[in-house]
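Residues per chain, in single letters:
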Amino acid sequence: MWGNTRKKKSTKIDTLVGENTELTGDVNFVGGLHVDGIVKGNISADTDTNSLFSLSEQGTIEGEINVPYNVIDGTVIGNIYGSKHVELEAKSRITGDVYYNLLEIASGAQISGRLVHTPDAGEAEPKLIDDITSDDYN
C-alpha cells in the first residue's frame, strides 16, 4: 500500500543457474548465487561471508541450503540454514525445516516443516517457534 521502502541485501550475483539448466551435485560458492533452474544437491557458502543465495519462482532445490543470506521464492525440498537472514517470498514452497536468525515470510509462502530460531553467538540456546511463550517478549 505504501510501497516497499525497506532496504534489500545488496550482493552482486556472481553465478546464475538458468531456467533450462539442471545441476546434479553440491554447489559451494562465495558472493551471490541465483537459481532459476533445478539443483539436485546441497547449496552452501562459508557462514563467515556475506554470501547471498536467491531462488526464483521457477527454481527448485532438492537438498539443503546453508548460506548466511537467503531469498527464496521457489521450491525447496530440504532444510534451510540461514545464519543471518531468511526471506520467504509469496511463491516459496518449503518441505523441510527452516533454521534462521532473522526471518521474513510473505503472505502465500508455504512451509511443511519446523521454524527454528538460531540466535547469534552470545545469545541463549535456539528455540523452536512452538516453544516461545509470552515471557520471551517481555
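Quick look at the structure, then.

About the cut-offs
- Residues numbered from 1 in each chain as written.
- Predicted model: local features only at pLDDT ≥ 70, side-chain atom pairs only at ≥ 80, totals over all residues.
- Heavy atoms only, no water.
- Helix = DSSP H or I, 4+ residues; strand = E, 2+ residues; numbered from the N terminus.
- Buried < 20%, exposed > 50% of the residue type's maximum accessible area, 1.4 Å probe, protein only.
- Contact = heavy atoms within 4.5 Å.
- Areas by Shrake-Rupley, 256 points an atom, 1.4 Å probe, with all protein chains shown as cover.
- Pairing = 2+ DSSP bridges.
- Axes fitted to C-alpha atoms, helices over the stretch in contact; angles between N-to-C directions.

## Comments concerning the overall build of the protein
Point 1. Of regular secondary structure, the protein possesses 0 helices and 17 strands.
Point 2. Counting over 138 residues, the protein shows a buried share of 38%.
Point 3. The contacts in the protein between residues at least 6 apart in sequence include a share of 7% that link residues at least 24 apart.
Point 4. Of the roughly 8100 Å² of accessible surface on the protein, 48% is carried by carbon and sulfur atoms.

## Topic: the environment of A106
Point 1. With respect to the element layout, A106 can be found in the loop between β14 (98-105) and β15 (110-112).
Point 2. Along the chain, A106 and E89 lie 17 residues apart, while their C-alpha atoms are 5.0 Å from each other.
Point 3. When sequence neighbours within four positions are dropped, the list of residues in contact with A106 reads L88, E89 and A90.

## Let's talk about the sheet that holds strand β2 (residues 22-24)
Point 1. Here 6 strands make up an open sheet; going across it, the order is β2-β5-β8-β11-β13-β15 and the pairing parallel. The open sheet is flanked by β2 and β15, the only strands paired with a single partner. Each adjacent strand pair in this sheet contributes to an overall mean axis angle of 5°, direction not counted.
Point 2. Where strand β5 (residues 38-40) and strand β8 (residues 60-62) come together, 3 bridges link them in parallel fashion.

## What about the pairing of strand β7 (residues 52-55)?
Point 1. Residues of β7 alternate between two faces, with L52 and S54 on one and F53 and L55 on the opposite face, all of them buried.
Point 2. Sheet topology note: the strand β4 (residues 32-35)/β7 ladder contains 4 bridges and is parallel. Bridge pairing in β7 links V35 to L55.
Point 3. Where β7 meets strand β10 (residues 69-72), 4 bridges bridge the pair, whose relative direction is parallel. Bridge pairing in β10 links F53 to N70.

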